[in-house]
Protein chains: 2
Amino acid sequence: MTFEEKLQQYADVVVRIGLNIQKDQELVINAPIETADFVHVVSEAAYRAGAKDVILNWDDEICRKQRFTYASEKTVSEIPQPLVDMKMFYLSRGAAFLSIHAENPTLMADIDPQKLGAAAGAKGKAFKEFSDKLGANENVWCVISVPTAAWAQQIFPNKDVEQAKEALWNVIFDTTRIGEGDPMEKWHAHMNDLTSRSAFLNEKQFVKLHYTNSIGTDLEVTLPEHHIWAGALEKCLNGGTVFVPNMPTEEVFTAPNCDAVNGVVKSALPLIYNGKRIDKFSLTFKNGRVVDFSAEEGYDVLAAMFENDERARYLGEVALVPYHSPISQSGILFYNTLFDENAACHLAFGSSYPTCMQGGTDMNDEQLLAHHMNVAITHEDFMVGTPDLNIVGIDAEGNETKIFENGDWAF
Amino acid sequence: MTFEEKLQQYADVVVRIGLNIQKDQELVINAPIETADFVHVVSEAAYRAGAKDVILNWDDEICRKQRFTYASEKTVSEIPQPLVDMKMFYLSRGAAFLSIHAENPTLMADIDPQKLGAAAGAKGKAFKEFSDKLGANENVWCVISVPTAAWAQQIFPNKDVEQAKEALWNVIFDTTRIGEGDPMEKWHAHMNDLTSRSAFLNEKQFVKLHYTNSIGTDLEVTLPEHHIWAGALEKCLNGGTVFVPNMPTEEVFTAPNCDAVNGVVKSALPLIYNGKRIDKFSLTFKNGRVVDFSAEEGYDVLAAMFENDERARYLGEVALVPYHSPISQSGILFYNTLFDENAACHLAFGSSYPTCMQGGTDMNDEQLLAHHMNVAITHEDFMVGTPDLNIVGIDAEGNETKIFENGDWAF
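The present account deals with the structure reproduced in this document. What you see is a predicted model; the values in this text were computed from it and never measured. (Residues numbered from 1 in each chain as written. Chains lettered and ligands numbered in written order. Predicted model: local features only at pLDDT ≥ 70, side-chain atom pairs only at ≥ 80, totals over all residues. Heavy atoms only, no water.)

### Describing the overall build of chain A
Across its full length, chain A holds 14 helices and 20 strands. Relative to the globule expectation of 22 Å for 411 residues, the C-alpha radius of gyration of chain A, 20 Å, shows essentially globular dimensions. Projected onto its principal axes, the C-alpha positions of chain A cover 55 × 50 × 45 Å. Here chain A holds 411 residues, and 58% of them are scored as buried. For chain A, restricting intrachain contacts to residue pairs at least 6 apart in sequence, the fraction spanning at least 24 positions comes to 74%. (Helix = DSSP H or I, 4+ residues; strand = E, 2+ residues; numbered from the N terminus. Rg over C-alpha atoms; globule rule 2.2 N^0.38 Å. Buried < 20%, exposed > 50% of the residue type's maximum accessible area, 1.4 Å probe, protein only. Contact = heavy atoms within 4.5 Å.)

Following this line, the structure appears as structure tokens:
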């Protein structure tokens, strides 16, 4: 298969499985300008699948970096209302949203974390209604990645730009099941596997998960009543379209009881937040809240995140990913949540997905919090899955079931 | 001088002479994604000159072409209100506006002219308040060009892409006075020359211009009372900043009495409108209105423009450019109004600049029309200057003064 054929296959999988574009639907694409060649392919695939209109929101990370270098904290924290209105305009018309995530992981390394945190906080507040509605699946959405020079060279520092991009393309194709054979069929089989695992967990309705490993993790995560485990497939509230919000995806996930997490958890992989690296960190939880934390690298970045959003100290997601997933097997640290979150079990700081509780999408923020579903500006995954991670599920009668053993599914 | 040095000089000239950026001013840049390398230089130059913030509106012509290919006339004619609000938001805050014009001239060659016309008409209506205010110089604005592959190869079809872009860069540098020496000094001298010519014409206050040449032009253009000739320099209504709205610029221009243009005018160069070519056209005016027209190429494109905007049948600009201007001397047809309008005397279909009449910027549309200043959605320049063009100015007493003789200034 030629590269162009794989590109076409990838675009078709994104449009037909990821977004499941419907006739006469609008599609909004958020993309770095450097990924324009792929955007042209996916945009044309969307029109061919019946999209009425494709709207582009281009981003350029060099201009963004300049802005954070020269403009004041006040300026970068101001979000013009028409920008918000524009997103709400297409949301209210039932548009699908595709985001291409391909950030240079060290882009913001020399920018003041306080400025980055303030801007992220302001953006989170301004777009909260939009994010809440999209997070609740009022509209279809999908996040994918495409190589850019800076990102590819970060992953493959010993290759030249073109070789690095080619190598990253190959990993993206492999992990999104692109190549010889019928990718649609492969995706259906994969979705069935994840769906059956989440069905098992939903039936069990564990009240608590107990995480342990040899690097010092000993964490009890209570699950709220009526929690829902989801995996790969989501259903759009308006119209019921079934879609896949992340490509690749290997995870089965739910929401924790954000007020009943206790113990210590150690990071398994570095977290890149606002383009800055936080590594070898440890978090101590008491009644859901991070009451103590340390980090060998990026302590101030973590501190700024908590400073700008108190609710980032509480958890919003519990995700199970086998340590021997295809992405983990690649042995690559991607510095990109979309990939790294599919390499290991993870938790998320900040907001929960209302779709992870029965009736959650009908609840307002107060009701969600009353049901122990975290509400926050932030949603940031961090990896806790090691090759020796064990997770035990405890049900209402106190029975224990092995869920993960030595980093992999135990059932 | 290296290419990078010239690029830096060009960016500085655009920021300091073109936009004359003020401390803490915002700058909005409209640019094709393909010109990102230059945008990074000009954006940084703006921050260094004191800009508070630089906001990017990226355009991608391939996505735009896809949209015109697949989306319906109704869809391409719908302008979301937040897009308009966004422009008005920065206008109201005193932002400067930089547009990089670098369109592939034949991009839309196979798109239905009716669809293009309808979209252009809808866009013109939606952004009318914005365009009116910017045209009246409520804010500072500047239009420049940067080579793109498609545009450069259209001009230099026998060169490969990189050679064509290099050749086009060289022409752009030459015509914008970039290179050895002090470009700021060269620009000040050039602006003084154009300013002294417009001062002469303003003092004369001709009531009529009579155009003749050997290809059949015989046109009388009446000038309205209190018309103002302008050239190169404009003054911002808010704050009085002096700026140069077009780079390059060789023209001295005013508004005609849009109800008193009579006779026949022949095109001297092809007009590219909505990406389509209109060539060897002839227009017959009676009391200001195009009452008859023909074209050897693109008749239907011209017809669609008139169909979508009745006021495009009336003139809005009279511009004088010596046939031996540096741009004309390059012997190149640029397929880009910014350059081609500076190669020859031209007229414009559609709206006039309110700055071209005393008190014009305080007039509403009705008042402008009552003063014979055209109000339209369209503003489209077309070239009429041939090497043998003569223009005679006739004053209130009937005295004749040669303004142009054999295509060049006669005074």
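Now that the structure is up, let's keep going.
### Topic: the relation of the copies chain A and chain B
Overlaying chain A on chain B yields an RMSD of 0.0 Å, the required transformation being a rotation through 180 degrees with an accompanying axial translation of 0.0 Å. These values place the two chain copies in the arrangement generated by a two-fold rotation axis. When each C-alpha of chain A is compared by its distance to the rotation axis, Pro 82 of chain A comes out closest, at 2.5 Å. Mapped onto chain B, 100% of the interface residues of chain A are again interface residues, and the two copies thus contact each other with one and the same surface. (Least-squares fit on C-alpha atoms with pLDDT ≥ 70 in both.)

### Considerations on helix α1 (residues 3-18) of chain A
All names here are of chain A. Taken together, the buried positions of α1 are Leu 7, Gln 9, Tyr 10, Ala 11, Val 13, Val 14, Val 15, Ile 17 and Gly 18. Among the structural elements, α2 (36-48), β3 (96-100), β4 (141-144), α9 (161-175), α10 (183-204) and β9 (242-243) are those in contact with the buried residues of α1. One or two residues past the end of α1 sits Asn 20, with phi positive at roughly 45 degrees.

### Remarks on the environment of Ala 95 of chain A
All names here are of chain A. Examined against the element boundaries, Ala 95 turns out to sit in the loop between α5 (81-92) and β3. Judged by its relative accessible area of 0%, Ala 95 falls in the buried class. Taking the C-alpha atoms as reference points, Ala 95 and Asp 365, 270 residues apart in sequence, are found 24 Å from one another. Apart from the residues within four sequence positions on either side, Ala 95 is in contact with Gln 25, Glu 26, Val 28, Tyr 90, Asn 139 and Val 140.

### Brief notes about the interface of chain A and chain B
Every contact between the two is made by 30 residues of chain A and, on the other side, 30 residues of chain B. Counting each side, the surface lost to burial between chain A and chain B is near 2800 Å², with a carbon and sulfur contribution of 62%. When the buried surface of chain A facing chain B is broken down by residue, Tyr 47, Gln 66 and Tyr 70 of chain A rank first, second and third, together holding 21% of it. Scanning the region where chain A abuts chain B turns up 4 salt bridges. For the interface between chain A and chain B, the tally reads 14 residue pairs in polar contact (both at pLDDT 80 or more). Contributions of two or more residues to the side of chain A that touches chain B are made by α2, β2 (53-59), α3 (61-70) and α5 of chain A. Sort the elements by how many residues they give to the side of chain A that touches chain B and α2 of chain A lands first, with 7 residues. A breakdown of the residues in the side of chain A that touches chain B according to their chemical character gives 17 nonpolar, 4 polar and 9 charged. (Buried area = accessible area lost by both parts, 1.4 Å probe. Salt bridge = Lys/Arg side-chain N within 4 Å of Asp/Glu carboxyl O. Polar contact = N/O pair within 3.5 Å; in protein donor to acceptor, adjacent residues only side chain to side chain. Nonpolar A, V, L, I, M, F, W, Y, C, P; charged D, E, K, R; others polar.)

### As for the environment of Ser 294 of chain A
Residues and elements named next belong to chain A. Residue placement: Ser 294 occurs in strand β14 (residues 289-297). Separated by 12 residues in sequence, Ser 294 and Ser 282 place their C-alpha atoms 5.4 Å apart. Sequence-distant contacts of Ser 294, defined by excluding residues within four places in its chain, comprise Lys 280, Phe 281, Ser 282 and Tyr 299.

### Re the side chain of Asp 408 of chain B
In this fold, Asp 408 of chain B is placed in strand β20 (residues 408-409). In this view, Asp 408 of chain B contacts Pro 322, Tyr 323, His 324 and Ile 403 of chain B; residues no more than four positions away in its chain are not counted.

### Considerations on the packing of helix α5 (residues 81-92) of chain B against helix α7 (residues 128-135) of chain B
Two quantities define a packed helix pair, namely the angle between the helix axes and the distance between the axes. Residue and element names in this part refer to chain B. Running from N to C, α5 and α7 point in directions that differ by 30 degrees, and their axes come no closer than 9 Å. It follows that α5 is roughly parallel to α7 by the angle criterion. When you trace α5 past α7, the crossing you get is left-handed. Contacts between α5 and α7 pair Lys 87, Met 88 and Leu 91 from the former with Glu 129, Phe 130, Lys 133 and Leu 134 from the latter. For the contact of α5 with α7, the residue count by class is 4 nonpolar, no polar and 3 charged. (Axes fitted to C-alpha atoms, helices over the stretch in contact; angles between N-to-C directions. Parallel < 35°, antiparallel > 145°, perpendicular 65-115°, else oblique. Left-handed = near helix turned anticlockwise from the far one by under 90°.)

### Considering the packing of α1 of chain A against α10 of chain A
Residues and elements named next belong to chain A. For the pair α1 and α10, interaxial distance at closest approach is 10 Å and the crossing angle is 45 degrees. For the element pair α1 / α10, the angle class is oblique. The handedness of the crossing between α1 and α10 is right-handed. In contact with Gln 9, Asp 12, Val 13, Arg 16 and Ile 17 of α1, α10 contributes Pro 183, Met 184, Trp 187, His 188 and Met 191.

### Focus: the sheet that holds β3 of chain A
All names here are of chain A. If you trace the 4 strands from one edge of the open sheet to the other, you get β2-β1-β3-β4, paired in parallel fashion. Looking at the sheet topology across the chains shown, the edges are occupied by β2 and β4. In this sheet, neighbouring strand axes are inclined to one another by 15 degrees on average, regardless of whether the strands run parallel or antiparallel. Where strand β1 (residues 26-32) and β2 come together, 7 bridges link them in parallel fashion. Across the sheet, the residue bridging to Val 28 is Ile 55, located in β2. Its contacts with the sheet put α2 on β1, β2, β3 and β4, and the angle it makes with β2 is roughly 160 degrees. (Pairing = 2+ DSSP bridges.)

### Some thoughts on the pairing of strand β6 (residues 218-222) of chain B
Residues and elements named next belong to chain B. Where strand β5 (residues 208-212) and β6 come together, 5 bridges link them in antiparallel fashion. Counterpart to Thr 212 in the pairing with β6 is Asp 218. What sits between the antiparallel neighbours β5 and β6 is a turn of 5 residues, in which Gly 216 has the positive phi angle 115 degrees. Sheet topology places β6 next to strand β11 (residues 261-266); 4 bridges connect them, and they run antiparallel. Considered in β11, the bridge of Leu 219 is made with Gly 263.

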